[in-house]
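An overview of the molecular structure
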Number of protein chains: 2
Amino acid sequence: MPDRNHDLSERKKLILKAVIDAHIKNGEPVGSKALTKHELISCSSATIRNEMAELENLGYLEQPHTSAGRIPSEAGYRFYVDWLLDRYNLTNAEINELKANLSQKQAELDSIMDTAVKLAAKMTNYTALSVKPKILRITVSRYEIMRIDDYTCMLIMLIGSMVKTKYMHSEAQIPVQAAAQLSSVLNMTATGITASEFNMPLIMKMESAMGEYDYMVTPVVKAICQAMSEFDGSDLKFEGVNRLLSYPEYYDVDRLREILALFERKDDFLDVISNTGGDKNGINILIGRENVVKVMDNSTLIFKSIIQDGVPVGAIGIIGPTRMDYKRVIATVDSLAKGVSAALDRGGPKKIKGSGPGDAER
Amino acid sequence: MPDRNHDLSERKKLILKAVIDAHIKNGEPVGSKALTKHELISCSSATIRNEMAELENLGYLEQPHTSAGRIPSEAGYRFYVDWLLDRYNLTNAEINELKANLSQKQAELDSIMDTAVKLAAKMTNYTALSVKPKILRITVSRYEIMRIDDYTCMLIMLIGSMVKTKYMHSEAQIPVQAAAQLSSVLNMTATGITASEFNMPLIMKMESAMGEYDYMVTPVVKAICQAMSEFDGSDLKFEGVNRLLSYPEYYDVDRLREILALFERKDDFLDVISNTGGDKNGINILIGRENVVKVMDNSTLIFKSIIQDGVPVGAIGIIGPTRMDYKRVIATVDSLAKGVSAALDRGGPKKIKGSGPGDAER
DNA sequence: ATTAGCACTCACGCTCTTTAAGTGCTAAAT
DNA sequence: ATTTAGCACTTAAAGAGCGTGAGTGCTAAT
């Protein structure tokens, strides 16, 4: 089916769109009579009934029971999203809010994503999520030993663009130069190395470079490896989970429990999002059972990748009932993802040259 | 009423306890007949009825409707908690789990609290919360400038026992020595200082100490002040919110929505917890309307302070229906809070060995 | 003071009925 | 060849009526 668009007459498309729009608005099945009031539809309820019956045969509409109106099927939503959706532009107020919030933040992935995901939840009134992909090869690009007192120091590691810190408590006194020296030895010998590559030859090399302070190497390397194993780049955050409670779809506590339990299964989400990521530049929309996770029967997931320097570094998205305001959500997710990507490129840590704006901040 | 304990005959206390125990167990109103099966109660149902009627007059019991059994009132729970509760000891398995989880963690407030709050939710099957108090006087005890490339560096600040980092992007090249020098200047002149104390004389002093790199001072100080203002020590985390769904008390979606909305109002919680904190060493129990926040009608909040070096640095607690397993929850919260306090004292960053605080912070 | 006995209350679950919204089909109209 | 009016049919939801049972409060006997 190369272009199902042409399978439907204009009138059928109009009616399908009208049904879905109405259903999105009030959540109830839509009957033929109600549609006669639609300004663009000028035929009688009987005609509409005939058309709706055909749309049902085609799989785009469903009947909860004989004497009810029609509701969109998943295929119906899919058609709607693919062909019938007119573009929605955020209001100026919304755009301003978005810009104001994103631009005042420092261009750090973490904080900017946090802001964005909160904004997404607020603007759409659905649950928003942010994803940072798993870092497969965890390596430290910079080390720093910060000496806190005679027996304590803090190990600071730059992993990707994230900082991981670890307190270290030593039995032996830590001389001031030892900390500084250890920092530089680490930076010279142990950057870009995975935990498993900390082998004995390397450790011996480091020990000889440390001279009289060689006793510090082993505990520090242990701490580094532990920190690396603790560091789990992948992260999935949900924001505004309770917003789902506004929608009758989730009035059933059992369904609610299912979806909340789902939110705990972060790995599944990461799978879905990374596997679906075929479309790196566009909006991804997964309606109902299109989601790998089965429980999401009545829910839709909409997300878009965040691109930094041409590489996807995460995603931001929305989860809500299949009956969601697609126009608004798509527009919001799109703008937010673009906004975040732009903010990251503007002055992110990886962008080096002097092309960016003047100040350290902004 | 200095000691309401003596207002009640032993038999009334026994019956009250039996009612509450039974109600906690199955969540349903308890009738007189059911109590005759209680092994310690050896009178007839009629007698129990009379006693229960009196307990109702005293305000300890309530009747949902005429033909139902009795349920405990808030005052009933209060009496129960204050006078009737026998001590519960965690099982060895539980103690081992607790120890295993807490001791393997580094003694960092953040990570140990995270572990503890997750454990609390898991062990009690209620929602757990962790609180870190607002730091009133935000000062940096250590600075470190980590140079990332010619135009980028990262500012690392130790605030209390937390690390705050900030990327800085510069137009001008950052020489290697400049970063190191700036670190040491900052540590010499700007530790223990609040944002408002970064005044012009101080900045000028720093600039003269930086010599030819004096142009770096202003942007860095700006970044420091911004970081300080962004840094909000106070933090409240909830864990296992969806566990509430297991309890019929929260089967009503409206109530659920109320309590989830409550979880968003973190400031209120911080107020409640810091204002109730009269009892720094004991367990705090707030039943139903005893909570400042009104919505918590049917919920109980139990928490205990975390003490580090004699100073409260946070709290850990449980929220659940008023009908909760007080024995277990109290024992769990108590052990966890003690465990965390102990772990922090054992090797925390502030514990300096024999000498005492010979150091920039505190 | 305790208890057996009994009348009374009231939520809960059951069936039965009514209501109203909406459909499908047929036959007439355009 | 569509479209439409009309009508019989279906069905969920809402309400009415009724028996059931757990539980109470009271009274009188122990």
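Below or above, wherever it landed, is the structure these notes cover. (Residues numbered from 1 in each chain as written. Chains lettered and ligands numbered in written order. Predicted model: local features only at pLDDT ≥ 70, side-chain atom pairs only at ≥ 80, totals over all residues. Heavy atoms only, no water.)

1. Considerations on the sheet that holds strand E5 (residues 152-159) of chain A
Residues and elements named next belong to chain A. Threshold: Any two strands are treated as partners once DSSP identifies two or more bridges connecting them. Runs of H or I in DSSP of at least four residues are treated as helices and runs of E of at least two as strands, each being numbered from the N terminus. Here an angle of 0 to 180 degrees is reported between the N-to-C directions of two axes, which are lines fitted to C-alpha atoms, with helices fitted over the stretch in contact.
Strand order across the open sheet formed by three strands is E4-E5-E6, with antiparallel pairing between neighbours. The open sheet has two edge strands with one neighbour each: strand E4 (140-149) and strand E6 (162-169). Put simply, the sheet's adjacent strands are angled 20° from each other on average, direction ignored. In this sheet, E6 lies alongside E5 in antiparallel orientation, the contact comprising eight bridges.

2. Side note on the pattern of salt bridges
Residues and elements named next belong to chain A. What counts is decided by this rule: Salt bridges are defined by distance alone: a side-chain nitrogen of Lys or Arg within 4 Å of a carboxyl oxygen of Asp or Glu. Exposure classes here rest on a 1.4 Å probe applied to the protein chains alone. A residue is buried below 20% of its type maximum, exposed above 50%, and partly exposed in between.
Within the structure shown, the criterion is met by 46 salt bridges over all chains. With a shortest N-O distance of 3.0 Å, Lys338 and Asp334 are connected by a salt bridge. Of this pair, Lys338 and Asp334 both sit in helix H12 (residues 326-347), four residues apart, which is roughly one turn of the helix. Of the residues examined, Lys338 reaches a relative accessible area of 48% and is grouped as partly exposed. On the basis of relative accessible area, Asp334 is assigned to the buried category, the value being 9%. The network of salt bridges with shared partners includes Arg11, Lys12, Glu51 and Glu54.

3. Observations concerning the side chain of Glu249 of chain A
All names here are of chain A. Just so we agree on the cut-off: Whenever two N or O atoms come within 3.5 Å, that pair is a polar contact, provided that in protein one can donate a hydrogen and the other can accept it, and provided that, for residues adjacent in sequence, both atoms are side-chain atoms. Contacts are assigned to residue pairs that have any heavy atoms within 4.5 Å of one another.
Along the polypeptide, Glu249 turns up in the loop between strand E7 (235-239) and helix H10 (253-264). Residue classification places Glu249 among the buried positions, given a relative accessible area of 18%. Here Arg323 takes part through its side chain, which lies 2.6 Å from a polar atom of the side chain of Glu249. Sequence-distant contacts of Glu249, that is, excluding residues within four places in its chain, are made with Arg255, Pro321 and Arg323.

4. Re the pairing of strand E9 (residues 299-308) of chain A
Residues and elements named next belong to chain A. Counting buried positions along E9 gives ten out of ten residues, so the element sits mostly inside the fold. Where strand E8 (residues 283-287) meets E9, five bridges bridge the pair, whose relative direction is antiparallel. For Ile285, the partnering residue across the bridge sits in E9 and is Ile302. Of the pairings in the sheet, the one linking E9 to strand E10 (residues 311-321) comprises ten bridges and is antiparallel in character. Opposite Ile302, over in E10, you have Ile318 as the bridge partner. Counting the residues that bridge the hairpin from E9 to E10 gives two residues, and of these Asp309 lies at a positive phi of roughly 50°.

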